[in-house]
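Now for the letters of each chain:
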Amino acid sequence: MSRPLFEVLAPGTLSSVQDLGRAGLRALGVPVGGAADRHSAILANLLLGNPAGAALLELTLGGPRLRLLSGATVAITGADIATRCAGVELPGWRPLRLPAGTELAFGSCRRGVRAYLAVAGGLDLPTVLGSRSTDLRAGFGGLQGRPLDAGDVLSAHATAAVPEVDRPEVPGWWIDPTPDLDLSLPAVAAVAPGAAVLDGADWQRLCSTAWRVAPASNRIGLRLQGPPLHLAEAWQRPSEPVLPGTVQLPPDGQPIVLLNDCGSHGGYPRIGHVAAVDLPRLAQLRPGETLRFAAASLGDHDRRACERAARMARIRLALAQRLGREPLGTDG
Amino acid sequence: MSSRVAIEFLGESGLLLRVADDDEARANRRIHALARRLPGKAPAAVTELVPAYASLAVLFDGGPDPSATRTALRAWLEREAAVVDDVAGTAQRVHRLKVRYGGDDGPDLQAVADHAGLDPGEVVARHCAPTYTVAMLGFAPGFPYLLGLDPALAMPRLDAPRASVPAGSVALAGTQAGIYPQAGPGGWRLLGRTDAVLFDPARTPPVLLAPGDQLRFEPA
């Protein structure tokens, strides 16, 4: 059962359907993809009692305008984005009930670049290769592999009774996204050394520089600008597998941190690996903003992953209590 | 047999096994033999194996004790890699793809011929002569990196990539050969086009060519 929910009046800068991506197909050259800021996407779903991997919208920079074809319960997370419905300013990080027939209008992201709009039940779209996420480069998944367009109608999986409301209902509680997503600047990412060793003081330089995020950054990777770095010795390897979080050093010495849409393989030297828990913050950086690296070990990355998992378990329990249901599984 | 194996970390949730061998085809065969053998016997934490030219990534879910998982998996991978399969005699699928060479389908055929000091016809003959091996799929879904190109045809990629290369374009870059599954930007030299659909997300499996498969080109 499916329920038409939104008609797209204006699509926004770049809005696409995402979930947690399609893992397991890198051997076929298929990127993982999915929400660039996984943490915010998971929380948006959990706030509604959805599975963590339900399909939602990723809104980039400027959000869409949507007409509600029926009453809906939604949650907005990720970037701090201006949002209004029926004259009411809508805050993020909580479940919101919206009346049928109104317009849900997003403005621009005030901090961060990617906001997530989840709907109770999750967006109802066919899965392609095990996921509803949009692969924008290869052009499949989501809405036929493309971003949202004016005139699109999005449906949600039917959920138990959606209570009709006359005006937007905003609860007085929310989930605090910090410390897991802290949008204050400069952003800091922990980095452990990779297989390609930097020359002399360049590792120290990597970790002491205020790197500027270049305009060419996108869902594939974050391109950084700063003093050029050099390798201790030439890197002579054919293409090898890479992952989101891999820090590459192209010949111009300007590092690239790979994000979710990165290819399965890469030929550039791998100078480091960013902690998985820091990827959501990196996905929220906008061109011109500043990123600093903090030297770490893989053991440090592990410790932070465990701390994150413990906080997520507490959030799941708290939400289950609020929403009056069993805590959902740990599919995030 | 001078083939050495080394294992390094690929971030917190990956291991990378590398085969150092002067013979790149032999290194690649060894990778594919491992990629075929390991799935049936991998510990539960292993989520994905990703083969490349001369390396194999083993990705895993670290679980409640990621450091211990990583250490245990590294030891397991070292043991597995110590066994070398005799893969020379293993029968592989051989695909045959018809290619329309030159003209609008292969706008770089003449440039490759000039670079090699050959007629375009000789380039086509030399391109169709070898049996290629799909060393890996990467760059884009279903994009095969092929081993086996005649070194006489080797030519560096374009200085500036084309904004759009048509789907099915049969191409080379340096000593690598490949085929573009979808239209998109690309800097490889285009020799011709095939109508074969290399990647279709609605198909099972979605790719026409699998890593380790063999391939021959024929003029259409």
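A quick note: this is a predicted structure, and the numbers were derived from the prediction, not measured. (Residues numbered from 1 in each chain as written. Chains lettered and ligands numbered in written order. Predicted model: local features only at pLDDT ≥ 70, side-chain atom pairs only at ≥ 80, totals over all residues.)

(A) Geometry of the sheet that holds strand S3 (residues 46-51) of chain B. Residue and element names in this part refer to chain B. Strand order in the open sheet made by the four strands is S1-S2-S4-S3, with antiparallel pairing throughout. Taken across any chain shown, the strands that pair with only one partner, and hence form the sheet edges, are strand S1 (3-9) and S3. Each adjacent strand pair in this sheet contributes to an overall mean axis angle of 15 degrees, direction not counted. Bridging between S3 and strand S4 (residues 55-60) involves five bridges; their strand directions are antiparallel. Its bridge partner lying in S4, leucine 49 is registered against valine 58. Along the sheet, helix H1 (residues 24-37) makes contact with S1, strand S2 (14-21), S3 and S4, crossing S2 at roughly 145 degrees. Lying on the sheet, helix H2 (residues 66-82) is in contact with S1, S2, S3 and S4; it crosses S2 at an angle near 25 degrees. (Pairing = 2+ DSSP bridges. Helix = DSSP H or I, 4+ residues; strand = E, 2+ residues; numbered from the N terminus. Axes fitted to C-alpha atoms, helices over the stretch in contact; angles between N-to-C directions. Contact = placed C-beta atoms within 7 Å.)

(B) Examining the pairing of S4 of chain B more closely. Residue and element names in this part refer to chain B. For S4, the tally of buried residues reaches six of six residues, placing the bulk of the element in the interior. Judged by which residues are buried, S4 turns out to be covered on both faces: Ser55, Ala57 and Leu59 on one side and Leu56, Val58 and Phe60 on the other are all buried. Bridging between S2 and S4 involves five bridges; their strand directions are antiparallel. Residue pairing across strands places glycine 14 opposite leucine 59, the latter belonging to S4. Between S3 and S4, which pair antiparallel one after the other, the connecting turn spans three residues. (Buried ≥ 20, exposed ≤ 12 C-beta atoms within 10 Å, placed from the backbone.)

(C) Representation of the environment of leucine 209 of chain B. Residue and element names in this part refer to chain B. Position of leucine 209 relative to the elements: it lies in the loop between strand S12 (189-193) and strand S13 (214-219). Residue leucine 209 is classed as buried on the basis of its 24 C-beta neighbours within 10 Å. The spacing of leucine 209 and tyrosine 101 is 108 residues in sequence and 21 Å in space, taken between C-alpha atoms. Apart from the residues lying within four places of it in its own chain, the contact partners of leucine 209 are His95, Val134, Pro144, Leu198 and Leu215.

(D) A look at the interface of chain A and chain B. Of the residues lining the interface, 32 residues belong to chain A; the matching set on chain B comes to 35 residues. Contributions of two or more residues to the side of chain A that touches chain B are made by strand S13 (240-241) and helix H4 (298-323) of chain A. Residue composition of the side of chain A that touches chain B, grouped by class: 16 nonpolar, 12 polar and four charged. (Nonpolar A, V, L, I, M, F, W, Y, C, P; charged D, E, K, R; others polar.)

(E) Structural context of unusual backbone geometry. The residue after threonine 178 of chain A, namely proline 179 of chain A, is reached through a cis peptide bond having omega 0 degrees. With respect to the helices and strands, the residue proline 179 of chain A is situated in the loop between strand S9 (153-157) and strand S10 (187-193). At leucine 129 of chain A, a residue that is not glycine, the phi angle is positive and equals roughly 50 degrees. Turning to its location among the elements, leucine 129 of chain A is positioned in the loop between strand S8 (103-119) and S9. Even without glycine at this site, phenylalanine 139 of chain B takes up a positive phi of about 70 degrees. Tracing the sequence through the fold places phenylalanine 139 of chain B in the loop between strand S6 (132-137) and strand S7 (144-147). Judged by local crowding, phenylalanine 139 of chain B falls into the buried class, with 22 C-beta atoms found within 10 Å.

(F) Spatial organisation of the domain arrangement of chain A. Residue and element names in this part refer to chain A. Examined at the domain level, chain A breaks down into domain 1 (2-178) and domain 2 (187-296). Across the contact, 19 residues belong to domain 1 and 13 residues belong to domain 2. Of all elements in the fold, only helix H1 (38-46), strand S5 (72-85) and S8 reach the threshold of two or more residues within the side of domain 1 that touches domain 2. Its residues assigned to classes, the side of domain 1 that touches domain 2 shows six nonpolar, eight polar and five charged. (Domains from an automatic or database assignment.)

(G) Structural detail: the domain arrangement of chain B. All names here are of chain B. Considered domain by domain, chain B is made up of domain 1 (3-82) and domain 2 (94-219). Placing the centre of domain 1 and that of domain 2 at their C-alpha centroids yields a distance of 29 Å. Residue-level contacts link eight residues of domain 1 with six residues of domain 2. When the residues that make up the side of domain 1 that touches domain 2 are grouped by side-chain class, the tally is five nonpolar, two polar and one charged.

(H) The nonpolar core, seen in detail. One finds Leu56, Tyr116, Ala118, Leu259 and Leu282 of chain A together with Val58 of chain B to be the most contacted residues of the largest nonpolar core, which totals 147 residues. Element by element, the count of residues in this core is highest for S8 of chain A, at nine residues. (Core = buried A, V, L, I, M, F, W, Y, C linked by C-beta atoms within 7 Å.)

(I) View of the pairing of S5 of chain A. Residues and elements named next belong to chain A. Buried residues dominate S5, accounting for 11 of its 14 residues. When S5 meets strand S7 (residues 95-98), the two strands line up antiparallel, connected through four bridges. From the neighbouring strand, alanine 75 faces S7, where its bridge partner is proline 95. Sheet topology places S5 next to S8; 10 bridges connect them, and they run antiparallel.

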